[in-house]
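# A closer look at the structure
Here is how the chains run, residue by residue.
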Amino acid sequence: MSASPSPSPSLATFSAVVTRLRAAGCVFAEDEARLILSAGHVPAEIDAMVDRRAAGLPLEHVLGWADFRGLRISIDPGVFVPRRRTEFLVEQAVPLARSGAVVVDLCCGSGALGAALASALGGVELYATDIDPVAVRCARRNVGAAGGTVYAGDLYEPLPAALRGRVDLLLANVPYVPTEEVGLLPPEARVHEARVALDGGADGLDVLRRVTAGAGGWLTPGGSLLFETSGRQAATAMAIVAEDGLEPRLAECDELDATVIIGTKPSAPGHRDRVQQGRRSRDRNPHPTPRASGNTTRS
């Protein structure tokens, strides 16, 4: 008489991991359990990963990678985890460039945006910067795999001067959470991601202002700046883009709750003169009511 088959160790382990993750409040416990079990090689390693996840560490930090537009992006502890909604920014960038385009990824974090765009276009001349040395070390793996270069420093400051006026696409995943709202973020972000990647200043747009102020000098005529913001900040952000000489366009995706603004550097002569006239007018009235201008695209 044959003995009854014993329970499958993998199923037993799966059930135990799901139970532990559910108890910790993980909404997608089954999916997370599968990922952890596929990443862990021995029981002790799996137990340690489950412990870290149950303690509140982001799943991507536990695994050491995040899925972004089908790419496995390396993620180190403390590095900003690329959000799924930010895939919409890359989607908007793809039709604006071509293979071999010059692309700069500012506030690059893990380098996910630049790496994903390079993959979509079949290769680009890619450069990235971040002020956080932990993010820079992480990005060098992801951007380096795409043939790009990562510089440590503040926004444009570390970029080679030879790039001025040559950039086709400028991606900037700027922080846009107002300072007083950072404390309201989920603990996974508030506790485990660098504050410099989250805090956008009093109104959430301080870093954006610095990006748009310098964008015109780096973009080639017809080149575009793309960045993510919130729906409630969009009107003010578009006004900032226009004030700095770029032609703004709004793109939104309801499914991903994503808001992206594209600012294109015009090639028409005389546009800069009109911008300067607008700035002189703004100096006389320094607190105008923000207005959204340009086209709107909704997905």
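Shown above is the structure to which this text applies.
Cut-offs used in this document
Residues numbered from 1 in each chain as written. Predicted model: local features only at pLDDT ≥ 70, side-chain atom pairs only at ≥ 80, totals over all residues. Heavy atoms only, no water. Helix = DSSP H or I, 4+ residues; strand = E, 2+ residues; numbered from the N terminus. Buried < 20%, exposed > 50% of the residue type's maximum accessible area, 1.4 Å probe, protein only. Contact = heavy atoms within 4.5 Å. Salt bridge = Lys/Arg side-chain N within 4 Å of Asp/Glu carboxyl O. Axes fitted to C-alpha atoms, helices over the stretch in contact; angles between N-to-C directions. Parallel < 35°, antiparallel > 145°, perpendicular 65-115°, else oblique. Left-handed = near helix turned anticlockwise from the far one by under 90°. Nonpolar A, V, L, I, M, F, W, Y, C, P; charged D, E, K, R; others polar.

### Section: the overall build of the protein chain
Across its full length, the protein chain carries eleven helices and ten strands. Here the protein chain holds 299 residues, and 48% of them are scored as buried. When contacts within the protein chain are restricted to residue pairs at least 6 apart in sequence, those whose partners lie at least 24 apart make up 63%.

### Considering the pattern of salt bridges
Counted under the stated rule, the structure contains 15 salt bridges. For Arg53, the salt bridge goes to Glu32, with nearest N and O atoms at 2.7 Å. Here the residue Arg53 occupies a position in helix α3 (residues 43–54), and Glu32 occupies one in helix α2 (residues 29–39), the gap between them amounting to 21 residues. Each member of the pair, Arg53 as well as Glu32, is classed as buried.

### Concerning the packing of α2 against α3
One can describe the packing of α2 onto α3 by two numbers: an axis separation of 9 Å at closest approach and a directional angle of 140 degrees. In terms of orientation, α2 and α3 fall into the oblique class. The interaxial crossing formed by α2 with α3 has right-handed handedness. From α2, Glu32, Ile36, Leu37 and Ala39 reach across to α3, where they touch Glu45, Ile46, Met49, Val50 and Arg53. For the contact of α2 with α3, a count of residues per class yields six nonpolar, no polar and three charged.

### Focus on unusual backbone geometry
The phi torsion at Cys107 lies on the positive side, around 50 degrees, for a residue other than glycine. Within the fold, Cys107 resides in the loop between β3 (102–106) and α6 (112–121). Phi at Asp257 takes a positive value of approximately 55 degrees, unusual for a residue other than glycine. You can see Asp257 is positioned in the loop between β8 (247–253) and β9 (258–264). On the basis of relative accessible area, Asp257 is assigned to the exposed category, the value being 64%.

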